[in-house]
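Structure assessment
Okay, here's what each chain looks like letter by letter:
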Amino acid sequence: MRRRKFMTLFGAAAAWPLAAHAQQPAKIRRIGYLDYGAGILPSGGFAPFHDTYRRRPFLEGLRERGWVEGQNVTIERRFAAGQANRLPALAAELVALNVDVMLAAATPAAKAAQNATSRIAIVMADPGDAVQLGLVASLARPGANITGVTSLAPELATKRLALLKEAFPKIARVAVLWNSAIPPAEVALKELRAAAPVLGVDLQFVEVPGPPGFAEAFAAIMGERADALFVFPDPLTFGNRESIVGFANKNSIPALFGAREFVEVGGLMSYGSDYPALFRRAGNYVGLILNGASPADLPVEQPTKFELIINLKTAKAFGFDIAPTLLARTDAVIE
């Protein structure tokens, strides 16, 4: 009886190493998240905009590919808070941590990531013209270590200006608020210059190099007596969208924005892609790479649908009379 008990215990003990090996958790993978904008509050939590429009959709996309933060993946986050000169050092930090894949949000972050490593896979979220900027060889075959999801499409800036003119046929002078730190803006400005004579408008280009420059930019727009405002979507304008919207509405200047997030805080109208969907797809791409896909084989995705959003509550409050023909084609209305 004692011998049988001993043999049973001996057999169990011999199996322990095998059982322990079988139950060892899989290796925790590490993502480096590099963002040109701001995402962390002084208190330490996530900024509401970043949490809603970037972090949560990105995590949803990851989860769809089997990756859950805190379970089988960790995320090292670095934010430049709109200061492009900080990005190279932040990218170098993530490379030094030997992350498995890097997510780069906005063009300056993508360029910094590209300059920091040719070894680690990089997924771009919301870059500009990735081919013209030298980020990828082509959209269909990116090559090298970079792929991603862009919010741009050919002649998008021209389409936005045409919609603004259709909404307000009498406008003759349009102020264009842009951030020179974002390379895609240069391409869009060329489009606007070519389209303006055809649409019968003059353009006033107002550059904003950083948050302190908005007061000066607003004064320049008022000084030139612009009839309307055209605002490029980028991390700088996103982060200051309530201030921009407040300025436009207070001075009864009809404005068109590049993303619906501006309209949701009282902006008049927007035409652009779905940014939460963009970051969800970026999360998908990161998950695919963690699952073994090569970035060189993942085509850079472009949006296929753009939404026209109009805030009728704002239109009524500030006396903006939008052309009925445009209202009839609106994808969504905020009342």
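Residues numbered from 1 in each chain as written. Predicted model: local features only at pLDDT ≥ 70, side-chain atom pairs only at ≥ 80, totals over all residues. Heavy atoms only, no water.

1. What about the packing of helix α2 (residues 48-64) against helix α11 (residues 275-290)?
Direction vectors running N to C along α2 and α11 enclose 40 degrees, while the axes themselves pass 7 Å from each other. If you check the angle between α2 and α11, you find them oblique. Taken as a pair, α2 and α11 cross one another with a handedness that is right-handed. Here Tyr53, Arg54, Pro57, Phe58, Glu60, Gly61, Leu62 and Glu64 of α2 lie close against α11, whose contacting residues are Tyr275, Pro276, Phe279, Arg280, Ala282, Gly283, Asn284, Val286 and Gly287. Each residue belonging to the contact of α2 with α11 can be placed in one class, and the counts come to nine nonpolar, four polar and four charged. (Axes fitted to C-alpha atoms, helices over the stretch in contact; angles between N-to-C directions. Helix = DSSP H or I, 4+ residues; strand = E, 2+ residues; numbered from the N terminus. Parallel < 35°, antiparallel > 145°, perpendicular 65-115°, else oblique. Left-handed = near helix turned anticlockwise from the far one by under 90°. Contact = heavy atoms within 4.5 Å. Nonpolar A, V, L, I, M, F, W, Y, C, P; charged D, E, K, R; others polar.)

2. Let's talk about the sheet that holds strand β1 (residues 29-35)
Across the sheet, which stays open at both edges, the five strands sit in the order β2-β1-β3-β4-β5 with parallel pairing between neighbours. On the outer flanks of this sheet lie β2 (73-79) and β5 (146-149), each paired with one strand and no other. Within the sheet, the average angular offset between the axes of one strand and its neighbour, ignoring direction, is 20 degrees. Two elements, strand β4 (residues 121-125) and β5, share four bridges in a ladder whose sense is parallel. (Pairing = 2+ DSSP bridges.)

3. Regarding the nonpolar core
Phe168, Val174, Leu192 and Met269 are the most contacted members of the largest nonpolar core, which totals 34 residues. Looking at this core, the elements that each hand over two or more residues are α5 (156-167), β6 (173-178), α6 (184-199), β8 (228-231), β10 (269-272), β11 (307-311) and α12 (312-318). Discounting chain neighbours no more than four positions away, the residues touching Leu192 are Ala157, Thr158, Leu161, Val176, Leu203, Phe230 and Phe232. With 25 residues, the next largest nonpolar core counts Val208, Leu229, Val231 and Ile253 among its residues. (Core = buried A, V, L, I, M, F, W, Y, C linked by side-chain atoms within 4.5 Å. Buried < 20%, exposed > 50% of the residue type's maximum accessible area, 1.4 Å probe, protein only.)

4. A look at the pattern of salt bridges
Applying the stated criterion across every chain yields a total of 13 salt bridges. Taking the shortest distance from any N to any O, the salt bridge between Glu166 and Arg329 comes out at 2.6 Å. Of the two residues, Glu166 is situated in helix α5 and Arg329 in the loop between α13 (324-327) and β12 (332-334); the sequence distance between them amounts to 163 residues. For Arg329, a relative accessible area of 42% corresponds to the partly exposed category. For Glu301, the salt bridge identified is with Arg281, shortest N-O distance 2.5 Å. Within this pair, whereas Glu301 is found in the loop between α11 and β11, its partner Arg281 is found in helix α11, the two being separated by 20 residues in sequence. Assessed through its relative accessible area of 26%, Glu301 is described here as partly exposed. Here Arg281 falls in the partly exposed class, since its relative accessible area comes to 28%. (Salt bridge = Lys/Arg side-chain N within 4 Å of Asp/Glu carboxyl O.)

5. Some words on the packing of aromatic side chains
Aromatic rings in a pair are described by how distant their centres are and how their planes are angled relative to each other. A complete count under the given rule lists 11 aromatic pairs for this structure. Ring centres 5.3 Å apart and planes at 35 degrees place the aromatic pair Phe238 and Phe262 in the tilted group. With Phe238 in helix α8 (residues 235-239) and Phe262 in helix α10 (residues 260-263), the pair connects residues that are 24 residues apart, well separated along the chain. We note that Phe238, like Phe262, is buried. (Phe/Tyr/Trp six-rings, centres within 6.5 Å; stacked < 30°, edge-to-face > 60°.)

6. Focus: the environment of Ala96
With respect to the element layout, Ala96 can be found in helix α3 (residues 87-96). Look at Ala96 and you get exposed, because its relative accessible area is 66%. Separated by 20 residues in the primary sequence, Ala96 and Ala116 have C-alpha atoms spaced 9.8 Å apart.

7. Let's talk about the confidence of the model for the chain
Scored by pLDDT, the chain has a mean of 87; 91% of the residues are at 70 or more. The spread of mean pLDDT over the elements of the chain runs between helix α1 (residues 2-23), the lowest at 39, and α3, the highest at 98. Note that pLDDT drops below 50 for residues 1-24; the model gives that stretch zero contacts with residues more than four away or on any other chain. (pLDDT = per-residue confidence, 0-100.)

8. Considering the pairing of β10
Successive side chains on a regular strand alternate, one facing one side of the sheet and the next facing the other. Residues Met269 and Tyr271 of β10 are buried on one face, and the alternating residues Ser270 and Gly272, pointing to the opposite face, are buried as well. The pairing of strand β9 (residues 255-257) with β10 spans two bridges and is classified as parallel. Within β10, the position partnered with Leu256 by the bridge is Met269. Bridge count for β10 against β11 is four bridges, and the pairing is antiparallel. The residue bridging Gly272 from the neighbouring strand is Glu307, located in β11.

9. As for the environment of Glu186
Structurally, the position occupied by Glu186 is in helix α6. Between the C-alpha atoms of Glu186 and Ile171, which are 15 residues apart in sequence, the distance is 24 Å.

10. Section: the packing of helix α7 (residues 214-223) against helix α9 (residues 241-250)
In the contact formed by α7 and α9, the axes pass within 12 Å of each other and the chain directions differ by 20 degrees. As far as their axial angle goes, α9 and α7 are roughly parallel. In the packing of α7 onto α9, the handedness of the crossing is right-handed. Here Phe214, Phe218, Ile221 and Met222 of α7 come into contact with α9, specifically with Ser243, Ile244 and Phe247.

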